[in-house]
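Tertiary structure, described
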Protein chains: 2
Amino acid sequence: MNRRLFTFVGGSTGRWHVTRVKTIVGEPISAAAKVDVLEGRAMPNPDTSWAFSGITSNDRYVSLDEKQHLALNQAGVGRPEAVCAALVLIRKSAAWWILSQTERRGILEDQSKHIAIGMEYLPAIARRLHHCHDLGENEPFDFLTWFEYSPTYAADFNQLVSRLRATEEWKYVDREIDIRLVREPQ
Amino acid sequence: MNRRLFTFVGGSTGRWHVTRVKTIVGEPISAAAKVDVLEGRAMPNPDTSWAFSGITSNDRYVSLDEKQHLALNQAGVGRPEAVCAALVLIRKSAAWWILSQTERRGILEDQSKHIAIGMEYLPAIARRLHHCHDLGENEPFDFLTWFEYSPTYAADFNQLVSRLRATEEWKYVDREIDIRLVREPQ
């Protein structure tokens, strides 16, 4: 069985080196020099600045056509050349969560083209989405999105997140932290 | 802030008396004479036969029209006259979770009329849905549905669950336990 629950741990040790942390909106997080991506729940230790858990899950918005397109085109995490990563921590407002499914799909895709924009960057930019909204009542974020890409696509990644942040959907984002990372080539 | 996480605890103590437990499909659960509905996570004690946690969440399938109709017509839990309850524990198969959102809505509503059938029993039968699929990796069920109604509507409730079990959607249910309960009037 594939693991679904992952914990991102920031502290003084870890495989990924933090190159930049930017608080886009809302409360910042503590500083961390390195990040590890662990399976399951992680126990905090004295070196841990923060630990955020999330669970991969079923798709919430994609149509069958979109799902098939994604399955054919997206890359998995862990490619040897993908030594750049981004961890984007996102919380959406109560105004988002109270919407009906139809309204949320309308904002996310019909208005904001979230799925279509993401597809333009496949397979260069790999993405793994972790949900936290239903992991517990007191989670600090609703989503942890992990991206991996080779240095060649660093500018494309910047463009991708800029385009998403300009959308109608992003008006519902009330906390966002953008963490960029690199690792030694394998 | 409203609590979202609830734990249903079966054992020798509790406010609700178990009148019947029926394993509809899949593995049964241990016997319990009584059930308590607790807020948050509950600590197991020697009297506990089982404890299942779930979290209320955003709607996954309703359209705006359906959401507005539900808001106008549904009753909350805890009505004094609603001394009958049912706790229905459900797991859906991997074949369900791998479908796209469009396919799942198609099966749930266009083919199975799950939302429309439920609406016929409002406000008599109150319903609170708790999600477990994204609460962790090893949850025994995906949904815990709690229903409350007065004895007058006991036959209607039986009809409601029979109709749902005959749908296309229920072909994706691979574990289901139906627990019926009563409590002393307030």
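Residues numbered from 1 in each chain as written. Chains lettered and ligands numbered in written order. Predicted model: local features only at pLDDT ≥ 70, side-chain atom pairs only at ≥ 80, totals over all residues. Heavy atoms only, no water.

Digging into the overall build of chain A
When its secondary structure is counted, chain A shows 5 helices and 8 strands. Counting from the amino terminus, helix and strand elements in chain A follow one another as β-β-β-β-α-β-α-α-α-β-β-α-β. Compactness check: chain A gives a C-alpha radius of gyration of 16 Å against a globular reference of 16 Å for 186 residues, within 12% of the reference. Along the first, second and third principal axes, the C-alpha set of chain A runs to 45 × 35 × 35 Å. For chain A, the proportion of its 186 residues judged to be buried stands at 52%. Considering only intrachain contacts with a sequence separation of at least 6, the fraction spanning at least 24 residues in chain A is 79%. (Helix = DSSP H or I, 4+ residues; strand = E, 2+ residues; numbered from the N terminus. Rg over C-alpha atoms; globule rule 2.2 N^0.38 Å. Buried < 20%, exposed > 50% of the residue type's maximum accessible area, 1.4 Å probe, protein only. Contact = heavy atoms within 4.5 Å.)

Some thoughts on the interface of chain B and chain A
A common measure of how large an interface is: the accessible area buried when the components associate. In this assembly, 28 residues from chain B lie in contact with 28 residues from chain A. Across the chain B to chain A interface the summed buried area is about 2400 Å²; carbon plus sulfur atoms make up 45%. Broken down residue by residue, the surface that chain B buries against chain A is led by Asn58(B), Asp134(B) and Glu137(B), which jointly contribute 29%. On the surface where chain B and chain A come into contact, there are 6 salt bridges. The interface formed by chain B and chain A includes 22 residue pairs in polar contact (both at pLDDT 80 or more). Elements that contribute at least two residues to the side of chain B that touches chain A include exactly helix 1 (64-73) and helix 3 (101-111) of chain B. (Buried area = accessible area lost by both parts, 1.4 Å probe. Salt bridge = Lys/Arg side-chain N within 4 Å of Asp/Glu carboxyl O. Polar contact = N/O pair within 3.5 Å; in protein donor to acceptor, adjacent residues only side chain to side chain.)

Some details on unusual backbone geometry
Residue and element names in this part refer to chain A. In this structure, Pro 123 follows Leu 122 across a cis peptide bond, with omega equal to -5 degrees. A positive phi is found at Lys 113, a non-glycine position, where the angle reads about 55 degrees. Mapped onto the fold, Lys 113 is located in the loop between helix 3 (101-111) and helix 4 (114-119).

A short note on the relation of the copies chain B and chain A
Mapping chain B onto chain A leaves a residual RMSD of 0.0 Å; the transformation is a rotation of 180 degrees accompanied by 0.0 Å of translation along its axis. What we have between these two chains is a two-fold relation. No C-alpha of chain B approaches the rotation axis more nearly than that of Leu135(B), which lies at 2.1 Å. A high fraction, 100%, of the interface residues of chain B reappear at the interface in chain A, so the copies pair face to face through one surface. (Least-squares fit on C-alpha atoms with pLDDT ≥ 70 in both.)

A look at the environment of Cys84(A)
Residues and elements named next belong to chain A. With respect to the helices and strands, Cys 84 occurs in strand 5 (residues 84-92). The spacing of Cys 84 and Pro 151 is 67 residues in sequence and 6.1 Å in space, taken between C-alpha atoms. Not counting chain neighbours up to four residues away, the residues in contact with Cys 84 comprise Trp 16, Phe 147, Glu 148, Tyr 149, Ser 150, Pro 151, Leu 181 and Val 182.

Structural notes on the packing of aromatic side chains
Inspection of every chain in the model, using the stated rule, returns 18 aromatic pairs over all chains. Both rings, one in Trp16(A) and one in Trp146(A), keep their centres 5.2 Å apart while their planes meet at 85 degrees; by these two values the pair is edge-to-face. With Trp16(A) in strand 2 (residues 16-25) and Trp146(A) in strand 7 (residues 143-149), the pair connects residues that are 130 residues apart, well separated along the chain. Classification of Trp16(A) by relative accessible area gives buried; the value is 3%. The class of Trp146(A) is buried, set by a relative accessible area of 2%. Between Trp97(B) and Phe143(B), the aromatic rings sit 5.8 Å apart at their centres with planes inclined by 25 degrees, giving stacked as the arrangement. Residue Trp97(B) is located in helix 2 (residues 94-97), and its partner Phe143(B) is located in strand 7 (residues 143-149); the two are separated by 46 residues in the primary sequence. Note on Trp97(B): relative accessible area 14%, which makes it buried. Of the aromatic side chains, those joined through ring pairs into one cluster are Phe8(A), Trp16(A) and Trp146(A). The lysine or arginine in question, Arg128(A), covers the ring of Phe6(A), its NZ or CZ lying 3.7 Å from the ring centre. (Phe/Tyr/Trp six-rings, centres within 6.5 Å; stacked < 30°, edge-to-face > 60°. Lys NZ or Arg CZ within 6 Å of the ring centre and 35° of its normal.)

Looking at the environment of Ser49(A)
All names here are of chain A. Along the chain, Ser 49 falls in strand 4 (residues 48-55). Residues Ser 49 and Gly 78, 29 residues apart in the sequence, show an inter-C-alpha distance of 24 Å. At a separation of 2.8 Å, a polar atom in the side chain of Ser 49 contacts the main-chain carbonyl oxygen of Ala 31.

Observations concerning the confidence of the model for chain A
Segments scoring low in pLDDT should not have their predicted coordinates read at a detailed level. On average, residues of chain A carry a pLDDT of 96, and 99% of them reach 70 or more. Taken over the whole predicted complex, pTM reads 0.95, whereas the ipTM for its chain interfaces reads 0.93. (pLDDT = per-residue confidence, 0-100.)

Remarks on the pairing of strand 8 (residues 173-182) of chain B
Residues and elements named next belong to chain B. Across the 10 residues of strand 8, 8 count as buried, placing the element largely inside the fold. Bridging between strand 2 (residues 16-25) and strand 8 involves 7 bridges; their strand directions are antiparallel. By the bridge assignment for strand 8, His 17 is matched with Val 182. Two strands pair when backbone bridges link them, and strand 5 (residues 84-92) and strand 8 are joined in this way by 9 bridges, in the antiparallel orientation. (Pairing = 2+ DSSP bridges.)

Description of the pattern of salt bridges
One pass over the structure, following the stated rule, counts 28 salt bridges over all chains. Here Arg20(A) ties to Asp178(A) by a salt bridge, and the two come within 3.7 Å at their closest N and O atoms. On the criterion of sequence distance, the pair formed by Arg20(A) in strand 2 and Asp178(A) in strand 8 (residues 173-182) is long-range, its members being 158 residues apart. You can call Arg20(A) partly exposed: its relative accessible area is 35%. Note that Lys67(B) and Asp59(B) form a salt bridge whose closest N and O atoms lie 2.3 Å from each other.

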